[in-house]
Amino acid sequence: MASEKIENCGLFGIFGDAEAVHKTYLGLHSLQHRGQESAGIASSDGEIIRCYTGMGMVRRIFRAGSGVLEKLSNPIAIGHVRYSTSGTSKASNNQPLLAEYSRGQVAVAHNGNLINATLLRDEYEAHGSIFKSTSDTEVIIHLLAKPRHIGNPGPLGHVLNHLQGAYSLLFLFNDRIEAARDPYGIRPLCIGQTEKGAYVIASETCAFDVIGAKFIREVEPGEIVQLNKNGLDSRFFVTPGTVTPAHCIFEHIYFAKQNSTIFGENVHEFRKNLGRQLAKEHPVESDVVIPVPDSGTSAAVGYAEQSKIPFDMGLVRSHYIGRTFISPEQRLRELEVKLKLAVVKEVVKGKRIVVVDDSIVRGTTTRGKIRALRQAGAKEIHMRVSCPPIRFPCFYGVDFPTKEELLANNRNLEQIKEFLEVDSVGYMSLEGLLECAKLPEDHYCTACWNGKYKIPVDIVVNKFAMEHYQMRMFKDELS
Ligand code: SF4
């Protein structure tokens, strides 16, 4: 899905480390693939929280010599990389969101999407609350500040019980970090520990590798983990075992980094298995298997292994183009795709090629690539996709376009083949996808393929969420 506009967010937090802020910076770097629109770090010396956020990539916001990291230097820190799945792309929506309420300061970082945020926000605004951002995350701060929640022992659990949707969250209070995951465990959230014993929380384990921390376990669905001067405490705001998880299997297919372990499995191995399964389901006589890098690479390795067809790099990716470079205009987007993915003519000329990608969303960028491969002299092009056709929008934190824009929404396979201008197309079956997964099949969310949304979304909330999405897209176009 190279160059398609769908992304996510990434979280990192560390407690009780003299280099906490620098390690947060490194952790965010390693999570940059989850969001490239903005980033931020909030840190505490035990009494006062400082926060700095900016638009763009981590290395630009915290560039060497700017002195920002030095000013933030404290032993407790959380950080966030963002892509706006809710709220417009503007600085006031950057995270962590820092606020002051009757109990002091709090900074919040969120990965996911709250489906009832619009309803809650409307309710608060009707009672006079003022919001400073358009992000759904700010609703959580308003909930936290409600007197009826403050008065409760363990107020965070009460707050979380009001949220509907997907959320992996980090809260930085002046003396502690609290990490929470929604009862369905939709987005990943992992716990690690440094050699010196400091606890670390991150969206993916790749962030532990970069700072030399070891993976301990995941934050369980419905669990709140507190990091404080005594170590790590855990409590549940939903009785464990009462909710069947709905892990986003798309994390395995596309979002997460290959060296990460999420939902109990290494991402590269998972994708390789998908490639093997895809080769079994959709074999084709050809001369070379090429991936759409980077997220299609592991599946292409698996496809080549299973089919015994040589693997080669017929497309190479430029890593120096940021997210902001992706143009809303189709014509410019095709030129940008050419910049981002270049064809190696020597690999494809005169060959029958199998192109393996992890997924196809709109299909326009894929078609652009297919045309470039033809121009480079490919004799036959067979498209193989390591997930089923995406037909439904995601309400849980992935910024798919509207249903109407999805390539597979109202096209059959023959029409998709014609649209992509390929000689054949083969998608992974949903059964095959779930067979490759380690956990029981009902432990995953598969709504973008079959429309079965596991988190109850009643008609009213759904209507508001749809309007909210449409409004956001409209605002994005204006800004
Ligand atoms: S709808 Fe698709 S992308 Fe969204 S959480 Fe479910 S599996 Fe993931």
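Structure: see above.
Just so it is clear, the model here is predicted, and its values are computed rather than measured.

### A short note on the pattern of salt bridges
As enumerated under the stated definition, the model contains 21 salt bridges in all. Where D175 meets R176, a salt bridge forms, and the shortest distance between an N and an O atom there is 3.0 Å. The residue K272 makes a salt bridge to E305 at a minimum N-O spacing of 3.8 Å. With K272 in helix α10 (residues 267-281) and E305 in helix α11 (residues 297-307), this pair connects stretches of sequence that are 33 residues apart.

### Some thoughts on the nonpolar core
As a rule of thumb, soluble globular proteins bury nonpolar side chains together. Of all hydrophobic cores here, the largest spans 45 residues; its most connected members are I249, F250, I253, Y396, L433 and W449. Of all the secondary-structure elements, those providing two or more residues to this core are α9 (249-255), α10, α11, β20 (352-357), α16 (430-436), β23 (444-445) and α17 (447-450). The next biggest cluster of nonpolar side chains, apart from the first, holds 28 residues, and it includes A99, L114, V139 and I224.

### What about helix α1 (residues 20-30)?
In terms of burial, α1 is largely enclosed, as eight of its eleven residues are buried. Taken as a whole, α1 has its buried residues at A20, V21, K23, T24, Y25, G27, L28 and S30. On its buried face, α1 sits against β1 (10-15), β2 (38-44), α2 (58-61), α3 (68-72), β4 (76-82) and α8 (206-211).

### Points about a negative patch on the surface
Side chains of E431, E435, E441 and D442 sit close together on the surface and give a patch of like negative charge. Structurally, the position occupied by E441 is in the loop between α16 and β23. Of the residues examined, E441 reaches a relative accessible area of 57% and is grouped as exposed.

### Quick word on unusual backbone geometry
At the junction of Q95 and P96, the peptide bond is cis and its omega measures out at 5 degrees in the coordinates. Note on placement: P96 falls in the loop between β4 and β5 (97-101). Residues P293 and D294 are joined by a peptide bond in cis, for which omega reads 0 degrees. Even without a glycine there, the phi angle at K308 is positive, about 60 degrees.

Cut-offs and rules
Residues numbered from 1 in each chain as written. Predicted model: local features only at pLDDT ≥ 70, side-chain atom pairs only at ≥ 80, totals over all residues. Heavy atoms only, no water. Salt bridge = Lys/Arg side-chain N within 4 Å of Asp/Glu carboxyl O. Helix = DSSP H or I, 4+ residues; strand = E, 2+ residues; numbered from the N terminus. Core = buried A, V, L, I, M, F, W, Y, C linked by side-chain atoms within 4.5 Å. Buried < 20%, exposed > 50% of the residue type's maximum accessible area, 1.4 Å probe, protein only. Contact = heavy atoms within 4.5 Å. Patch = residues over 30% accessible without salt bridge, like charges linked within 9 Å, V, L, I, M, F, W, Y side chains within 5 Å. Areas by Shrake-Rupley, 256 points an atom, 1.4 Å probe, with all protein chains shown as cover. Lys, Arg positive; Asp, Glu negative; His and termini not counted. Charge placed at Lys NZ, Arg CZ, Asp CG, Glu CD.

Function cannot be inferred from these measures alone, as they are strictly geometric.
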